[in-house]
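Chain by chain, the residues run as shown.
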Amino acid sequence: DTTVNANILIDKTKEKISKYIKDSKNQKEVLGLIEKVEENYNSVKDIVLKSSGAGLAYSLVMHEIEKMISSLEMSVKHKDFDELQEISIALSSAIDNITSLLSNDKVKNISILEIINKAFYFFKRRFHKHEIEIIKQYDEKKSYSVSCLNSLSVNVIMNILDNSIYWLGYWKKDLETNAKIYIDIIEKEHFVDLIMADNGKGFYISEDIAKLPFKTTKEENLGKGLGLYFVNEIMKQNNGMFKIITNKTYKKEDLHLPDNFVNGATIVLQFPKGKI
């Protein structure tokens with residue numbers, strides 16, 4: 001149980017080998033073995049990451065589909081044909097979209113709005129059910145081209161949204177206003193920052209601990225502690241960054257968050273700009 005990840009430990013081991021094994025032949029041989037360990041570790045991690053990411057996305061989408069089927073049953077029971085038609089269309093689209101979330105990914109240029117819209121599609125009914133207001137601060141007419149893994153980046157946003165929905169529900173009685181999620185995009189010279197914030201109570205564990213696997217403050221059986229670890233690892237593969245922001249001054253002055261979001265959970269997903 002450590003906050004130091006395996007790659008850092010491997011690098012430290014290499015440094016110690018170089019320092020303490022003076023014989024060049026022995027040093028080269030041992031370093032070669034360590035590098036094979038590192039290569040195998042990264043290969044296994046990549047496989048596990050992609051399969052666990054697909055599994056997390058699948059579980060989130062299946063949760064939504066189960067709710068739709070339940071609503072479908074109620075619509076039939078109450079002979080609400082307009083609702084029946086609406087849910088049927090949504091259900092059909094959700095099933096069609098599952099394949100895109102589980103597809104093999106390659107880094108490509110894509111509008112960040114396309115990624116956001118795909119992720120939000122699966123939560124539309126859930127936002128309505130939980131009475132969560134979505135505030136989009138960005139310009140919806142701009143493209144904001146980014147370079148990233150397409151379907152895995154959709155999964156990243158879905159995990160962040162799932163977290164916010166859970167904690168906004170958990171703190172519902174203590175909120176001064178209705179539950180809200182705030183989305184903004186800041187375009188920089190080399191990066192595009194996606195800011196996602198809610199008006200809940202914020203993080204109760206440090207950023208380093210929150211990014212570790214199997215670390216969660218959710219109630220038992222309601223979370224595996226893999227969501228934010230998954231987000232962090234995928235953003236690394238995107239050559240971007242995942243930041244958990246806790247500094248209130250930074251939230252107000254740099255991210256320009258409205259006052260009612262300053263105490264809530266705030267994250268930044270930093271994507272490399274798309275190549276023109």
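A brief look at the structure comes next. (Residues numbered from 1 in each chain as written. Predicted model: local features only at pLDDT ≥ 70, side-chain atom pairs only at ≥ 80, totals over all residues. Heavy atoms only, no water.)

### A word on the pattern of salt bridges
Filter applied, for reference: In the sections that follow, a salt bridge refers to a side-chain nitrogen of Lys or Arg positioned within 4 Å of a carboxyl oxygen of Asp or Glu. Helix and strand labels come from DSSP, where a helix needs a run of H or I of at least four residues and a strand needs a run of E of at least two; each type is numbered from the N terminus. Throughout, exposure labels follow a simple rule: accessible area from a 1.4 Å probe, protein chains only, divided by the maximum for the residue type, with under 20% read as buried, over 50% as exposed, and the rest as partly exposed.
Overall, the coordinates contain 6 salt bridges when judged by the stated rule. The salt bridge involving Lys 14 is made with Glu 38; its shortest N-O contact spans 2.7 Å. Highlighted residues: Lys 14 in helix H1 (residues 6-20) and Glu 38 in helix H2 (residues 24-77), separated in sequence by 24 residues. Looking at Glu 38, the relative accessible area reads 16%, which means it is buried. Here Lys 142 makes a salt bridge to Glu 187, at a shortest N to O gap of 2.8 Å.

### Brief notes about the packing of aromatic side chains
Using the following cut-off: Pairing of aromatic rings covers Phe, Tyr and Trp, the last counted by its six-membered ring, and requires centre-to-centre distances within 6.5 Å; plane angles under 30 degrees mean stacked, over 60 mean edge-to-face, and any other angle means tilted. Criterion for a charge above a ring: Arg CZ or Lys NZ at most 6 Å from the ring centre, at most 35 degrees from the ring normal.
One pass over the full model with this rule turns up 4 aromatic pairs. Between Phe 120 and Phe 127 the ring centres are 5.6 Å apart and the planes differ by 50°, which places this aromatic pair in the tilted class. Assessed through its relative accessible area of 9%, Phe 120 is described here as buried. With relative accessibility at 6%, the residue Phe 127 sits in the buried group. Their ring planes at 45° and their centres at 5.3 Å tell us that Tyr 182 and Phe 261 sit as a pair that is tilted. Here Tyr 182 is found in strand S4 (residues 180-187), whereas its partner Phe 261 is found in the loop between helix H9 (248-253) and strand S7 (266-272), with 79 residues between them in sequence. The residues Tyr 182 and Phe 261 share a single accessibility class, namely buried. Positioned above the aromatic ring of Phe 120, the side-chain terminus of Lys 136 is 5.5 Å from the ring centre.

### Digging into the pairing of strand S5 (residues 191-198)
To keep things clear, this is the line we draw: Two strands qualify as a pair provided DSSP detects at least 2 bridges between them.
With respect to burial, S5 is a largely interior element, 7 of its 8 residues being buried. Here S4 pairs with S5 via 7 bridges, running antiparallel. Residue pairing in the sheet places Ile 186 in a bridge with Asp 193 of S5. The antiparallel pairing of S4 with S5 creates a hairpin that spans 3 residues between the two strands. Across 7 bridges, the pairing between S5 and S7 is antiparallel. Each bridged residue has a counterpart across the sheet, and for Ile 195 the counterpart in S7 is Val 268.

### Here we look at helix H4 (residues 112-121)
To keep things clear, this is the line we draw: The directions considered for the arc are those from the helix axis to the C-beta atoms. For this analysis, a polar contact is any N or O atom pair within 3.5 Å, provided that within protein one partner can donate a hydrogen and the other can accept it, and provided that sequence-adjacent residues contribute only side-chain to side-chain pairs.
When we look at burial in H4, the residues that qualify are Ile 112, Leu 113, Ile 115, Ile 116, Ala 119 and Phe 120. The arc that holds the buried residues of H4, viewed along the axis, is 160°, so those residues lie on one side. Capping of H4 at its N-terminal end is provided by Ser 111; its side-chain oxygen lies 3.1 Å from the backbone amide nitrogen of Leu 113.

### Focus: the environment of Gly 200
As a reminder, the rule being used: Contacts are assigned to residue pairs that have any heavy atoms within 4.5 Å of one another.
Among the structural elements, Gly 200 can be located in the loop between S5 and helix H7 (207-210). For Gly 200 and Asn 260, which are 60 residues apart along the polypeptide, the C-alpha to C-alpha distance reads 9.0 Å. Excluding its chain neighbours within four sequence positions, the residues that come into contact with Gly 200 are Leu 168, Leu 175, Asn 263 and Gly 264.

### Remarks on the nonpolar core
Stated formally: By convention a nonpolar core is built from buried Ala, Val, Leu, Ile, Met, Phe, Trp, Tyr and Cys residues, the set being connected through side-chain atoms within 4.5 Å.
Counting residues in hydrophobic clusters, the biggest one holds 43 residues, and the most contacted among them are Ile 112, Leu 194 and Leu 269. Elements with a minimum of two residues in this core: H4, strand S3 (145-149), helix H6 (150-170), S4, S5, helix H8 (227-237), strand S6 (241-245) and S7. Looking at this core, the element that brings in the most residues is H6, giving 9 residues.

### Considerations on the packing of H6 against H8
When two helices pack together, their arrangement is given by the angle between the helix axes and the distance between those axes. What counts here: For helices, the fitted axis covers only the stretch in contact; all axes are lines through C-alpha atoms, and the angles between them, taken along N-to-C directions, range from 0 to 180 degrees. Oblique is the label for every angle not falling under 35 degrees (roughly parallel), over 145 degrees (roughly antiparallel), or within 65 to 115 degrees (roughly perpendicular). By convention, the crossing between two helices is left-handed when the near helix turns anticlockwise from the far helix through less than a right angle, and right-handed when the turn is clockwise.
Relative orientation of the contacting elements H6 and H8 amounts to 150°, with a least axis distance of 9 Å. Accordingly, the angle class assigned to the pair H6 and H8 is roughly antiparallel. In this structure, H6 crosses over H8, and the sense of that crossing is left-handed. Contact residues: Leu 152, Asn 155, Val 156, Asn 159, Ile 160 and Asn 163 in H6; Gly 227, Leu 228, Phe 230, Val 231, Ile 234 and Met 235 in H8.

### Some details on H6
The line we're drawing: Here the expected span of a helix is defined as 1.5 Å times the quantity of residues minus one.
Given a rise of 1.5 Å per residue, 21 residues ought to cover 30 Å, and the 31 Å separating the end C-alpha atoms of H6 matches this to within 8%. Burial analysis of H6 places 18 of its 21 residues in the buried class, the great majority of the element.

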